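Structural characterization, general
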Amino acid sequence: METGLTVAVFGGYGHTGRFVVAELLDRGFVPVAAGRDADKLRTLAETFPGLDVRPSSVDDPASLDRALAGAAAVINCAGPFAVTGAPVIEAALRAGIPYVDVAAEIEANADTFERFADRARAAGTVILPAMAFYGGLGDLLATTAMGDWTKADEAHVAYGLSSWHPTAGTLAAGKVSRERRGGRHVRYTGGRLEYHDDAFAVVPWPFPEPMGTRPVIGEFTMADVVTVPSHLDVPEVRTYMAVDAAQDLSAPDAPAPTAVDERGRSAQTFLVDVVVRSGGAERRAVATGRDIYAVSAPLAVEAVHRVLTGRTRTTGVASAGALFDAPDFLRSLSAHLTVEVRG
């Protein structure tokens with residue numbers, strides 16, 4: 001691919017945004033960092049000398065247009081995406097460029113599919129929500145596990161995190177989602193999202209070794225319940241979270257991630273175990289790696305790379321599994337992920 005293409009990163013000074021800016025530079029792109037906080041943009045430019053920074057706000061469409069001027073694509077890393085998603089998508093549509101985000105918010109991702117599918121398809125462009133650890137990775141794994149199956153009875157995505165030190169953005173997005181649901185929980189069952197007040201249940205999940213069986217919170221619902229059924233014929237999609245990690249997230253004094261290497265990654269490790277079942281048959285895809293925020297950067301940047309080189313299967317609003325050759329996409333991330341497919 002010809003290098004030097006400009007990619008705008010809205011929220012480029014945020015925790016995940018900084019990883020995305022670094023990944024773009026490593027891949028030969030020219031990142032432009034955008035966002036509302038001019039001071040944070042200037043500080044980011046000190047970390048990445050020569051970085052083009054463009055103050056902009058979702059409340060000011062003209063500033064977004066200036067931020068995206070000359071860009072070949074935009075990656076939105078600024079949550080809550082219930083607030084930023086639609087304005088940045090609108091700006092991308094005006095600019096005629098593809099849009100990618102790293103949203104983990106269930107409702108925000110569902111809104112993107114509902115509100116922009118027709119317009120994006122008519123424009124012949126790509127809008128790719130949830131292209132991150134939550135939503136994107138699980139969808140790629142589920143699509144890979146499905147293989148030649150055209151449908152399945154159920155899909156399960158279990159998250160085994162060694163810890164979960166949430167960013168300020170994660171906490172803010174979670175608060176917005178809870179408010180939108182009125183404090184209710186959500187599940188995907190019978191082919192649709194269902195809101196309920198049932199208590200969370202703790203159940204054992206047989207993670208592959210060396211993690212082994214661990215207690216998880218059943219129906220700890222993540223963005224996979226939007227991405228997976230958006231294109232796979234699976235009426236039941238359930239996601240689970242290791243109890244220890246969930247407790248970290250809910251702790252009142254939960255610490256932010258702490259960098260332990262030169263790339264800024266934390267010591268956190270993860271195992272994502274995806275199981276799809278049809279009748280009596282079962283297939284499984286497992287991914288292991290380090291730092292859920294850091295790994296979102298190569299996921300999003302590889303997606304942009306493939307969109308800009310025409311390695312896509314559709315246009316409009318689409319999830320990763322629908323848009324790309326899922327097994328090939330996962331293989332391309334071998335420097336960041338170890339993936340095993342079984343069954």
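Description of the structure in this document. No experiment lies behind these values; they were computed from the predicted model shown. (Residues numbered from 1 in each chain as written. Predicted model: local features only at pLDDT ≥ 70, side-chain atom pairs only at ≥ 80, totals over all residues. Heavy atoms only, no water.)

Some points on the nonpolar core
Where we set the bar: Here, nonpolar core means buried Ala, Val, Leu, Ile, Met, Phe, Trp, Tyr and Cys residues that are tied together by side-chain atoms lying within 4.5 Å of each other. When accessible area is computed with a 1.4 Å probe and restricted to protein chains, residues below 20% of their type maximum are described as buried, those above 50% as exposed, and intermediate ones as partly exposed. We call two residues contacting when some pair of their heavy atoms lies within 4.5 Å.
One finds Met131, Phe133, Leu161 and Trp164 to be the most contacted residues of the largest nonpolar core, which totals 107 residues. Here Leu161 is in contact with Phe133, Tyr134, Met241, Ala242, Ala245, Gln268, Thr269, Phe270 and Ile292, once residues within four sequence places are set aside. Formed by 9 residues, the second largest nonpolar core is a distinct cluster that contains Ala158, Phe207, Met211 and Val275.

Here we look at the packing of helix α3 (residues 61–68) against helix α4 (residues 81–95)
Helices that pack against each other are described as a pair by the angle of their axes relative to one another and the distance between those axes. In plain terms, the rule: Between N-to-C directions, angles cover 0 to 180 degrees, with each direction set by a line fitted to C-alpha atoms, over the stretch in contact for helices. Strands here are runs of E lasting at least two residues and helices are runs of H or I lasting at least four, both read from the DSSP assignment and numbered beginning at the N terminus. For this classification, under 35 degrees means roughly parallel, over 145 means roughly antiparallel, 65 to 115 means roughly perpendicular, and everything else is oblique. Crossing handedness is defined as follows: a turn of the near helix away from the far one that is anticlockwise and smaller than a right angle gives a left-handed crossing, while the clockwise case is right-handed. Polarity classes work like this: nonpolar for Ala, Val, Leu, Ile, Met, Phe, Trp, Tyr, Cys and Pro, charged for Asp, Glu, Lys and Arg, and polar for all others, with Gly in that last group.
Interaxial distance between α3 and α4 falls to 9 Å at its minimum, and their mutual angle equals 55°. Put simply, α3 runs oblique to α4. Judged by the twist between their axes, the crossing of α3 over α4 is right-handed. Seen from α3, the contacting residues are Pro61, Leu64, Asp65 and Leu68; seen from α4, they are Pro87, Val88, Ala91, Ala92 and Arg94. Considered class by class, the residues forming the contact of α3 with α4 number 7 nonpolar, no polar and 2 charged.

Observations regarding the packing of α4 against helix α5 (residues 106–123)
Between α4 and α5, whose axes approach to 10 Å, the crossing angle comes to 15°. Compared by their axis directions, α4 and α5 come out roughly parallel. Crossing hand, α4 versus α5: right-handed. For the pair α4 and α5, contact is made by Phe81, Ala82, Ala86, Ile89, Glu90 and Leu93 and by Ala108, Thr112, Arg115, Phe116, Arg119 and Ala120, respectively.

Topic: unusual backbone geometry
Of note, the bond from Gly79 into Pro80 is cis; its omega dihedral lies within 30 degrees of zero at -5°. With respect to the helices, strands and loops of the structure, Pro80 is situated in the loop between β4 (73–76) and α4. Not every positive phi belongs to a glycine, and Ala130 is a case in point at roughly 60°. Residue position: Ala130 is located in the loop between β6 (126–128) and α6 (133–146).

Overview of the sheet that holds β4
Stated precisely, the cut-off is as follows: Strands qualify as paired when DSSP identifies two bridges or more between them.
As summarised here, the arrangement of the 7 strands in space is β3-β2-β1-β4-β5-β6-β15, forming an open sheet in which the pairing is parallel. The sheet is open, and its two borders are formed by β3 (52–55) and β15 (316–317), each paired with just one other strand. In the packing of helix α2 (residues 38–47) onto the sheet, contacts are made with β2 (30–35) and β3, and the angle to β3 comes to roughly 175°.

Comments concerning the pattern of salt bridges
Stated formally: What counts as a salt bridge is simple: a side-chain nitrogen of Lys or Arg found within 4 Å of a carboxyl oxygen of Asp or Glu.
Going through the model one piece at a time under the given rule, you end up with 24 salt bridges. Here Arg187 and Glu194 are joined by a salt bridge, their closest N and O atoms 2.5 Å apart. Using a relative accessible area of 23% as the deciding quantity, one classes Glu194 as partly exposed. The salt bridge involving Arg277 is made with Glu282; its shortest N-O contact spans 2.8 Å. What makes Arg277 partly exposed here is its relative accessible area of 27%. For Glu282, a relative accessible area of 40% translates into the label partly exposed. Three or more residues are tied together by salt bridges with common partners; here these are Arg187, Glu194, Asp198, Glu219, Glu236 and Arg238.

Comments concerning the pairing of strand β14 (residues 281–290)
Bridge count for strand β13 (residues 269–278) against β14 is 10 bridges, and the pairing is antiparallel. Across the sheet, Arg277 pairs through a bridge with Glu282, a residue of β14. In this structure, the hairpin formed by β13 and β14 is closed by a connection of 2 residues, where Gly279 is found at a positive phi of approximately 60°. As paired elements, β14 and strand β16 (residues 337–342) share 6 bridges and run antiparallel to each other. Paired with Val286 across the two strands is Glu340, which belongs to β16.

With respect to α5
Keep this limit in mind: Given a helix with a known number of residues, its expected span is that number minus one, times 1.5 Å. One fitted axis covers the seven residues ending at a residue, a second covers the seven starting there, and the bend at that residue is the angle between these axes.
Along its 18 residues, α5 runs 25 Å from first to last C-alpha, staying within 8% of the 26 Å computed at 1.5 Å per residue. The principal kink in α5, of about 60°, is found at Phe116. Downstream of α5 by one or two residues, Gly124 has phi in the positive range, about 70°.

Things to note about the environment of Glu107
Put simply, the test is: Distance and chemistry together define a polar contact, namely a pair of N or O atoms within 3.5 Å, with one atom able to donate a hydrogen and the other to accept it when in protein, and with adjacent residues in sequence counting only for side-chain atoms on both sides.
Locating Glu107 in the fold gives a position in helix α5. Note on Glu107: relative accessible area 7%, which makes it buried. On a C-alpha basis, the gap between Glu107 and Val186 in space is 10.0 Å, while along the polypeptide they are 79 residues apart. Ignoring any residue separated from it by four or fewer positions in sequence, one finds Glu107 in contact with Ser177, Arg180, Arg181 and Tyr195. In terms of polar contacts, Glu107 uses its side chain to reach the side chain of Tyr195, at 3.0 Å.

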